[in-house]
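# Commentary on secondary and tertiary structure
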There are 6 protein chains.
Amino acid sequence: MASAAAHIRLAAQGRPVYSFGSRRQHPAIAAMIERAAWIGGVDGASNTCAPEGIPLAGTMPHAFVMCYPRQEEAWCAFDRCAGPEVPRIMLADTFYDEKVEAVRAAASGATAVRLDTPRSRRGNMRAIVEEVRWELDVHGYPDVKIFLSGGLSREDVAAYRDIADAFGVGGAIANAPVIDFAMDIVEMEGRPYAKRGKRSGAKQVYEMPDGRRVTLPLQAPAPEGGTALLARCIERGAVVARPNMDDARERVLSRLSGLAREG
Amino acid sequence: MASAAAHIRLAAQGRPVYSFGSRRQHPAIAAMIERAAWIGGVDGASNTCAPEGIPLAGTMPHAFVMCYPRQEEAWCAFDRCAGPEVPRIMLADTFYDEKVEAVRAAASGATAVRLDTPRSRRGNMRAIVEEVRWELDVHGYPDVKIFLSGGLSREDVAAYRDIADAFGVGGAIANAPVIDFAMDIVEMEGRPYAKRGKRSGAKQVYEMPDGRRVTLPLQAPAPEGGTALLARCIERGAVVARPNMDDARERVLSRLSGLAREG
Amino acid sequence: MASAAAHIRLAAQGRPVYSFGSRRQHPAIAAMIERAAWIGGVDGASNTCAPEGIPLAGTMPHAFVMCYPRQEEAWCAFDRCAGPEVPRIMLADTFYDEKVEAVRAAASGATAVRLDTPRSRRGNMRAIVEEVRWELDVHGYPDVKIFLSGGLSREDVAAYRDIADAFGVGGAIANAPVIDFAMDIVEMEGRPYAKRGKRSGAKQVYEMPDGRRVTLPLQAPAPEGGTALLARCIERGAVVARPNMDDARERVLSRLSGLAREG
Amino acid sequence: MASAAAHIRLAAQGRPVYSFGSRRQHPAIAAMIERAAWIGGVDGASNTCAPEGIPLAGTMPHAFVMCYPRQEEAWCAFDRCAGPEVPRIMLADTFYDEKVEAVRAAASGATAVRLDTPRSRRGNMRAIVEEVRWELDVHGYPDVKIFLSGGLSREDVAAYRDIADAFGVGGAIANAPVIDFAMDIVEMEGRPYAKRGKRSGAKQVYEMPDGRRVTLPLQAPAPEGGTALLARCIERGAVVARPNMDDARERVLSRLSGLAREG
Amino acid sequence: MASAAAHIRLAAQGRPVYSFGSRRQHPAIAAMIERAAWIGGVDGASNTCAPEGIPLAGTMPHAFVMCYPRQEEAWCAFDRCAGPEVPRIMLADTFYDEKVEAVRAAASGATAVRLDTPRSRRGNMRAIVEEVRWELDVHGYPDVKIFLSGGLSREDVAAYRDIADAFGVGGAIANAPVIDFAMDIVEMEGRPYAKRGKRSGAKQVYEMPDGRRVTLPLQAPAPEGGTALLARCIERGAVVARPNMDDARERVLSRLSGLAREG
Amino acid sequence: MASAAAHIRLAAQGRPVYSFGSRRQHPAIAAMIERAAWIGGVDGASNTCAPEGIPLAGTMPHAFVMCYPRQEEAWCAFDRCAGPEVPRIMLADTFYDEKVEAVRAAASGATAVRLDTPRSRRGNMRAIVEEVRWELDVHGYPDVKIFLSGGLSREDVAAYRDIADAFGVGGAIANAPVIDFAMDIVEMEGRPYAKRGKRSGAKQVYEMPDGRRVTLPLQAPAPEGGTALLARCIERGAVVARPNMDDARERVLSRLSGLAREG
């Protein structure tokens, strides 16, 4: 999930991305999901059970708008009650067309409109977003932002990053495919020893200055300029090191900024 | 165009189909287009320059709805002014979502709602039509029909014929691809004679009882049970026969009803 | 996951299938995974934290074989120490080729051999299984079974069910893709009411005698012969019904046996 | 059709292209077709009803050759009767193989041979043209040109422009697919106003120095360096400007020569 | 090659097929090729070095026609000099179009015309053959046969068998892909013994009454109704049996006639 | 076959390649096959009937290893009996996994191990070769080479040339597809004259300094800088020149080294 989040952050090229998808998985791992998304670089998470230190972010749901007789009343109620630090992101696609609701929401004081268009209405999402942008501009709301959500994939984020201002991403992070890993004996009392299909002997992975990674036997001398990547966390059953969530995020972000520079 | 119309009529399996597309071509051939569509079996045409004898059919355009401050007023104005023989087909997708407008149009007295959803909103048209049907039913309008239009192809007509009640078809008839035909000398003073690539000699085409068609030299005896299909319309420069539009339509319809029986 | 397990059970057509994949997911949901696999119809699970009532099933890992100087010694140790109710399924692909190890394992008393061939050696898995079967037969062990595992998909189970005797399935169950569901307001104080893209009103789903499912408004009369499928589990925040794991499994199995009869 | 003609002219890279296809459409729009082809940049048209000012161009049909007992007699009759300004383009594929007829036509005084090979004989048209070129050269007629016709597409023109000297193009121009356009209300008494799916407000399109086009509200200031492309032709029902065919052609040709320079 | 020939014979469904392709391979194996083609069921071979007993069959080459100033003289010379048992198959595509030459050859006494159309002229071979058939009929030669050759594949033979009367097949037989076989030790002094990837032990293959083939250890009892297919030809270095070419052909033909009956 | 061998040599980029495939074809042309492979640039051939001058090269077959009770005994016997000039290439995949046998063969004195993995075990051949290389290194045998064989295609050679040290190639050379050539009359007593589909007149092919080839009439002047490629070998039935195998190979190798430089 952290890798998926990092790919999406890279695709967004600076536009904020929020994790909206922990509700798609079992509640027992919701905090773990938000932690992974945060390590991968999202700007915030919508689930209030996220580990402390992760900014919470969310916007009104359709259910909220539906509790009022007209959209305007819902937006105004939100505006009245939310603290001043909460951005006025108004959900603008509950009953009418996005084009109509977005202009009305802007007239009701929205600083951003969220489009969560149902799949059945998404014939050409780019055309819809461009049309909403045009209408906001032509009606005098050039500063109102567009916030996109609703089953967005990494490809969607890359496709819309020039016309949308922020993204809420769910399943593309929370349903990231599981990585197939294995635990294997590769050494027996210091002797290289492995089943077929596995390379024998303890190993270290070095990252070279040019970004390539080299796998070598643990006892081989480190290659010049190489940085060892594997660290021992458990020793004879005891935890001897405990990786920190924010350090991991820092490493991801610095790596991503390198990739972004390379293009 | 007649062939295209016939294919679409077959696909509609009894639901009415109207020709909406003559405006897509040069005005000089508009009457010819409606004539061809009529021969191919449409139930009516929307262009008032269609040859006499073709029923005119159309519904209000978006421009009409937009001339009123609210959709309801447009629908009521139409209802007030149209003659009693004109069906109350209300266009129900101008500003809001189809679901919302359809229920409101039904409440305003529509006998049918026309959905002409813009391409950018057509993510899953079947889901939209089913949803409109559901809403009409659940709000107490099970008798209000659904009329579909907007860039419908033959495949669309076949795909929606179980949930839509009528179709307005434009480009799929009016832009039918041109059939490549040729005029060739195939006989010279009674002697078979043709350039390479063409079969020489005058010919007759016979339709056999099983529907197959057989091409034979004109002077060959007709095959048993075969009906000659080619008739001479021009002789030594003079028009000697003039096929009738309604006869042609009759032949098409009787052939289609045969095909429909076979499935 | 239950659906994935059911599909695989159906594909196995009576050969036993065991859930081997809970280790691929977060430990916090391991019991939930085994429960879902059990509901879907597996014959047992390998994770000892499975809910009570699910038969535990597993075989020796490669690590066990590697702890002995020669494969034979590992197999014999297992045979000596395992209780009489544990089947003698010997892992037969640790160091040598499956063909060689399978015959040796049979000679060491195996009642079944497990093939967990690494991906890099799986050029034509069917050919390998057929060859192992041939060798076991030709060396006098026609009763020794073949147990397959290692990244098996549903398609693999269907492809090998005629030549393998049992299957251990991991990721194809435990990594089943998440089903996209949504929670929506569809009714407001008894009035049908839903955002666009959702059908409004409370609903009931009926299964008809021919297997089709029909969705109707909750207040509509039940269709003749239809069985209501939705039951209320929570009412005004209180849990009022608690579906039972074994009942659910029973329903799945009876449905699968219907499908198997139809082919 | 003008766009199609322009694409083909670009593909021909300087080899002349003639419009041969108006006979594929309804006679009522033949003049319109030749006008559009001329605007798009063809070097002449074969239909004598083309608007004045378009050069007429054509060659003998198969029917002409067939009216004589031997090909040579047809070619010589043409040579005897055509005015000196008419190029001696002899149709060279009526009865025999192109290779044989082309050499004979050259011996009969052709300055060019036209190949209109029937589809059934076009296994590898490039090989046929190269063979005809080789034979003309080896028999001493290196100056006799090759004129290609017969269902040529833009891809064909691009594929043969290095070995053919001129092209007659029919359906690829005359059957160009219709462009889907729409007429919509976008403003109501000066107020931006449009149905969903359309951007509201009157607009102007500007061409920027780098070739990009930018669409802006009509009342927005023109972007620096941008040239306005839309001109008002009808005002309150009266025609106020009437675009000229030759001006339009000039604009197309100057644009094409820019494209050709860029490659 | 025998298999390829058999497949083609089956595709021809009773139309004669001749082996024309031994010249495509090294002369040292020409006799072997004709032998294989004969075993596979061809009706004759064109290479005079074919083993005795195979009927020789061939027609005039293009080089023969070209040795005369006009095609008619070549056909008449052939007619004058060939023995009465040689069929008058005239090659009818040397200089002019097939359509023209075929009618002329028929007028010169051909009992069949051979079409060996060059690839570059084969745009739609079926259309060409149908056109030649039509012209022969319409000019009064319904009994003149059509003999096809020239790079024919099995698919070609199947595609044209309803309109052509005989086939000359070259590379599709003579360039049949080599079958990958191997020689392996599978038994050591009576003990099953083979490298990995091979089933150990001597084997017999049985054909069952339903056509399936079953491979069993040599010492296993023959299955009921099964016919053993492997026969020992070499024993301790001495040839002990020598399969006969005509017996092999018989077996192929009887098998093919079974397949043809089944469809 | 020579072309196929040249392509493979180029793909191997300096790693030796040996011809292993003459046994896949009829014995009558085995010498011809090895001659063609040699011309194409292989470093040696395994068939002892190769023309004199071609280096013989081969390694022990599986049958040899199987004649000994254990692999080590076979390898040691080979080492004892082979002359000192024969490289100690030990076949290392007969019974066990490549990984196990390779390390044992290295311990028995191999200078190279040959991997001839059966298709059914080749799931990811690159992973297998990398694993064998890793194990040889980690067990102290970095100088033992890896020799690959077994149905290798040109693509395989290109894919493994960075991790394998030599290649034995069979069918990819010996089963190279036959090139379709034709013998045609193109001139009659000095006059250009050919059937349709063939260019008439005797020709010469020139290679230009930039590598392009130009075909011109024989009597045309040679293009500047062009080298004539066609030489007369037979004149009025008598052989007047006899191309030399080693000269041909030299030409191929110098051409290949040019291609390799260009990349």
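Residues numbered from 1 in each chain as written. Chains lettered and ligands numbered in written order. Predicted model: local features only at pLDDT ≥ 70, side-chain atom pairs only at ≥ 80, totals over all residues. Heavy atoms only, no water.

On a plain count of helices and strands, chain A comes out with nine helices and 13 strands. Compactness check: chain A gives a C-alpha radius of gyration of 23 Å against a globular reference of 18 Å for 263 residues, more than 25% above the reference. Here the C-alpha coordinates of chain A stretch approximately 75 × 40 × 35 Å along the principal axes. By the burial criterion, 46% of the 263 residues in chain A qualify as buried. In chain A, once contacts between residues fewer than 6 apart in sequence are set aside, the share between residues at least 24 apart is 50%. Distance from the positive charge centre (34 side chains) to the negative charge centre (33 side chains) of chain A: 6 Å. (Helix = DSSP H or I, 4+ residues; strand = E, 2+ residues; numbered from the N terminus. Rg over C-alpha atoms; globule rule 2.2 N^0.38 Å. Buried < 20%, exposed > 50% of the residue type's maximum accessible area, 1.4 Å probe, protein only. Contact = heavy atoms within 4.5 Å. Lys, Arg positive; Asp, Glu negative; His and termini not counted. Charge placed at Lys NZ, Arg CZ, Asp CG, Glu CD.)

This next bit is on the packing of helix H1 (residues 2-12) of chain D against helix H2 (residues 30-40) of chain D. Residues and elements named next belong to chain D. One way to put it is that H1 packs onto H2 with a least axis distance of 7 Å and a crossing angle of 40 degrees. In terms of axis orientation, H1 runs oblique to H2. Taken as a pair, H1 and H2 cross one another with a handedness that is right-handed. Side by side, H1 and H2 meet where Ala 2, Ala 5, Ala 6 and Arg 9 of the first sit next to Ala 36, Ala 37, Ile 39 and Gly 40 of the second. Residue composition of the contact of H1 with H2, by class: six nonpolar, one polar and one charged. (Axes fitted to C-alpha atoms, helices over the stretch in contact; angles between N-to-C directions. Parallel < 35°, antiparallel > 145°, perpendicular 65-115°, else oblique. Left-handed = near helix turned anticlockwise from the far one by under 90°. Nonpolar A, V, L, I, M, F, W, Y, C, P; charged D, E, K, R; others polar.)

Below, the discussion takes up the interface of chain A and chain C. Taken together, the 34 residues of chain A in the interface contact 34 residues of chain C. Together chain A and chain C conceal approximately 3,000 Å² of surface at their shared face, both sides included; 56% is due to carbon and sulfur atoms. The interface formed by chain A and chain C contains four salt bridges. Linking Glu98(C) and Arg196(A) is a salt bridge whose minimum nitrogen-to-oxygen distance equals 2.3 Å. Among the elements that line the side of chain A that touches chain C, the one with the most residues is helix H3 (residues 62-66) of chain A, at three residues. Partitioned by chemical class, the residues of the side of chain A that touches chain C number 16 nonpolar, eight polar and ten charged. (Buried area = accessible area lost by both parts, 1.4 Å probe. Salt bridge = Lys/Arg side-chain N within 4 Å of Asp/Glu carboxyl O.)

A few words on the interface of chain B and chain A. With 16 residues of chain B in contact, the opposing surface of chain A contributes 16 residues. The junction of chain B with chain A conceals about 1,200 Å² of combined surface from both sides, 48% of it contributed by carbon and sulfur atoms. Interface area lost by chain B to chain A is led by Tyr96(B), Ser120(B) and Arg121(B), which between them contribute 51%. Here chain B is connected to chain A by four salt bridges. Note that Glu131(B) is salt-bridged to Arg121(A), the shortest N-O span being 2.8 Å. Sorting the residues of the side of chain B that touches chain A by element identifies helix H5 (98-107) and helix H6 (125-138) of chain B as the ones contributing at least two each. With four residues, the single largest contributor to the side of chain B that touches chain A is H5(B).

What follows concerns H1(D). Turning to H1(D), its buried residues number three or more, namely Ala4(D), Ala5(D), Ala6(D), Ile8(D), Ala11(D) and Ala12(D). Gln13(D) lies just past H1(D) and shows a positive phi near 45 degrees.

Turning our attention to the domain arrangement of chain A. Residue and element names in this part refer to chain A. As far as domains go, chain A holds domain 1 (2-174) and domain 2 (187-262). Computed from C-alpha atoms alone, the centre-to-centre distance between domain 1 and domain 2 is 37 Å. With twelve residues of domain 1 in contact, the opposing surface of domain 2 contributes ten residues. Around 880 Å² of area is buried between domain 1 and domain 2 when both sides are counted, 70% of it from carbon and sulfur atoms. Among the residues domain 1 hides against domain 2, the three largest losses belong to Leu 10, Trp 38 and Ile 39. Together they make up 58% of the total. Counting across the domain 1 and domain 2 interface gives zero salt bridges. Those elements giving two or more residues to the side of domain 1 that touches domain 2 turn out to be helix H1 (2-12) and helix H2 (30-40). (Domains from an automatic or database assignment.)

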